[in-house]
Number of protein chains: 2
Amino acid sequence: MTLPVLGLAEIAAVATPEVIFAAVEEALIAHAEARTSVPPPMVLEFPDHAGDCHVKAGHVAGSPHFAVKVASTFASVNNGLILVVDATTGVPAAVLADEGMLTAWRTAAAGALVTHAMTPPEIDEVAVLGTGEQALLQVTWLRKLRPINRVRVWGRRPEAAEALCQAFAKEGIDARPDALEGAPCVITTTAARAPLPAEAFRNAVHVTGIGTDMPGKHELPVELFAGAVVATDDHDQCLHHGDFGNAVRAGVIQPDADLAAGAVLRAATDLASGTVLRGDGDLAAGTGLRDGVPAWGRQVDGGSLRSTRSVADLTGIGAADAAVASAVMRWSGK
Amino acid sequence: MTLPVLGLAEIAAVATPEVIFAAVEEALIAHAEARTSVPPPMVLEFPDHAGDCHVKAGHVAGSPHFAVKVASTFASVNNGLILVVDATTGVPAAVLADEGMLTAWRTAAAGALVTHAMTPPEIDEVAVLGTGEQALLQVTWLRKLRPINRVRVWGRRPEAAEALCQAFAKEGIDARPDALEGAPCVITTTAARAPLPAEAFRNAVHVTGIGTDMPGKHELPVELFAGAVVATDDHDQCLHHGDFGNAVRAGVIQPDADLAAGAVLRAATDLASGTVLRGDGDLAAGTGLRDGVPAWGRQVDGGSLRSTRSVADLTGIGAADAAVASAVMRWSGK
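Worth saying up front: this structure is predicted, and the values here are computed from it rather than measured.

A.B. asks: How do you make sense of the interface of chain A and chain B when you look at a structure like this?
C.D. replies: Interface size is often expressed as the accessible area that is lost when the parts come together. Listed per partner, the contact involves 38 residues of chain A and 38 residues of chain B. Taken together, the two surfaces of chain A and chain B that pack against each other cover about 2900 Å², and 78% of this comes from carbon and sulfur. At the surface where chain A touches chain B, the tally comes to zero salt bridges. At the boundary of chain A with chain B, the tally comes to two residue pairs in polar contact (both at pLDDT 80 or more). Secondary-structure elements contributing two or more residues to the side of chain A that touches chain B are strand 3 (42-46), strand 4 (51-60), strand 5 (65-74), strand 6 (77-86) and strand 7 (92-96) of chain A. Here the residues of the side of chain A that touches chain B sort into 25 nonpolar, ten polar and three charged.

This is the structure:
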């Protein structure tokens, strides 16, 4: 049996941001429309080595491959790979030995797509909480979709926040460690197990949380969800271990009050193309649109902000891994 | 990144029955003693291609590796591989591209070990229901542990049953397609979704079922569990989708009435070595032993059979995959 193993260099050569964005957008929309097969993920913990391992699997209907991803974090170092399997025969097709990079990129792409779709277009200032790999990626990938002229940073360790500001500076982005002063768009990327400082969210029109990937994690103050428009990448998963679930259990939001993130992306795309504005009732059904405009309604009055806040809870879906892996297979000619 | 991929020939050279038996026995006992980490498995279904894929993960405490296994069956053809990961760093160590053989062997070993431990030693006649790969393997691996002089076979398709009898004949085993006449030891290896013919079990002193690997499957008539000594390889899993769960939901057995299969193996080993007969209360605790003899009590009166029936429900545990994979790594010098 010859099983091709693609290394990081080979993968990076084809997995451009355009390829990743397209695959993740397709996966989120397909997932919202029940065209994916995604079993609940598995988690193994290795407390003696500050390690955990998340196994996710997924298939987007019609795709020639499905994927099983093994992603580990030991002592803050990410690693892993994606196994790609032929979805018509069950025969393993390739191992993508990406050392966890495809996960980092699909997480960045999902966050950027949803943050962009839900944040009013004139906003060019974001705050990012957390100082890890995703803190940098969430913003740099968002900047591929819209101008970002000012970044506010916060981390528990001031020296880590300072280092992140320098990393942003290298990318030509003005960043300062002042996220607790508040920003209109806030992105949380921590491994927090208790809510992050509330003052960081006081000016937030939109908040995207990407850190709650297993039970026990908690980034967003539950009060943020009160009266907010909420999008989740996977309803059951976010209810189970996302901050959406934390807010539901705290009684500040109903368990059926979330929109599917993919439906929001679909609506944003349709809105941009003018489809929704034609008032197509069928298209709008289930997408969070009311009367042909997004339920969160910001575009209604010419771009000025309403008081409504939106929150996206992204816990990571196996369908995105599958779509990204399938795209790598396609563009690498495998 | 260089990730070794071991092919079937390389794996088969080190994965002797002795190695597999030892690894599976260790895994079952460790699992019974809560020294394993085994998240609930994942299942993906591909009805358009008569396919499903089971992903299992596991770690035996203290082992240098953990394993994630991807096992698919499409149109009755098994395939798959096992990813072995360093349990101290999270770095992928190797891919065992075994085409599903290690799963077949660990399933055969688990079944044989438990069937042997729970079936009175003088019984040398077994019936096997089902005509697939496991029908042959369950018996041939059991014969590595005790003499088997007569095999009764049953399958829905008479020609498949006949072919299996011929396969047994090639192994020097007298087999005939008459399992519905009843045998003292019955092993079920089917993908049945409704109970198998009751007459096959009428003389059964011990029954081992290995076919219920996902919700909706059902091999054993629930009445078999009434008053029986029951062993499960994983309590929660067997309650969720094993025939033990089917019997519990039918009300014929209590949900806490099962012994751990590993505890039965441990007790059998200890019994053979005389340890248990010394009446060591601590050792006996939690192993299904009462007053220093197995709870199912057959050995009490010199080998003659009692009316008590025993049933083993084996749904397959990720810890066995991990132990087998770790053994292959060890003996192949990886």
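A.B. asks: Just checking my understanding: could you explain the side chain of Thr-103 of chain A for this structure?
C.D. replies: Residue and element names in this part refer to chain A. With respect to the helices and strands, Thr-103 occurs in helix 3 (residues 101-118). Given a relative accessible area of 17%, Thr-103 falls into the buried group. Excluding its chain neighbours within four sequence positions, the residues that come into contact with Thr-103 are Lys-69, Ala-71, Asp-98 and Asp-321.

A.B. asks: I keep staring at the sheet that holds strand 8 (residues 125-129) of chain A and nothing clicks. Help me out?
C.D. replies: Whether parallel or antiparallel, the strands of a sheet pair through hydrogen bonds between backbone atoms. Residues and elements named next belong to chain A. Pairing within the open sheet is parallel, and its eight strands lie in the order 10-9-8-11-12-17-13-14. Of all the strands in the sheet, just strand 10 (175-176) and strand 14 (258-260) have a single pairing partner and so form its edges. In this sheet, strand 14 lies alongside strand 13 (residues 229-232) in parallel orientation, the contact comprising three bridges. Considered in strand 14, the bridge of Ala-231 is made with Leu-259. On the sheet, helix 4 (residues 133-142) packs against strand 8, strand 9 (150-154) and strand 11 (185-188) and is oriented at approximately 160° with respect to strand 8.

A.B. asks: Would you take a moment to explain the pattern of salt bridges for this structure?
C.D. replies: Note on pairing: side chains with opposite charge can pair once their charged atoms come close. Inspection of every chain in the model, using the stated rule, returns 22 salt bridges over all chains. Across the pair Arg-157 of chain A and Glu-159 of chain A runs a salt bridge, and its minimum N-O distance is 3.6 Å. A salt bridge links Lys-69 of chain B to Asp-321 of chain B, with the nearest nitrogen and oxygen atoms 3.1 Å apart. Taken together, the residues span a long stretch of sequence, with Lys-69 of chain B in strand 5 (residues 65-74) and Asp-321 of chain B in helix 10 (residues 318-331) at a distance of 252 residues. In this pair, the class of Lys-69 of chain B matches that of Asp-321 of chain B, namely buried. Linked by salt bridges that have partners in common, Glu-125, Arg-150, Arg-152, Asp-178 and Glu-181 of chain A make up one network.

The rules behind the values
Residues numbered from 1 in each chain as written. Chains lettered and ligands numbered in written order. Predicted model: local features only at pLDDT ≥ 70, side-chain atom pairs only at ≥ 80, totals over all residues. Heavy atoms only, no water. Contact = heavy atoms within 4.5 Å. Buried area = accessible area lost by both parts, 1.4 Å probe. Salt bridge = Lys/Arg side-chain N within 4 Å of Asp/Glu carboxyl O. Polar contact = N/O pair within 3.5 Å; in protein donor to acceptor, adjacent residues only side chain to side chain. Helix = DSSP H or I, 4+ residues; strand = E, 2+ residues; numbered from the N terminus. Nonpolar A, V, L, I, M, F, W, Y, C, P; charged D, E, K, R; others polar. Buried < 20%, exposed > 50% of the residue type's maximum accessible area, 1.4 Å probe, protein only. Pairing = 2+ DSSP bridges. Axes fitted to C-alpha atoms, helices over the stretch in contact; angles between N-to-C directions.

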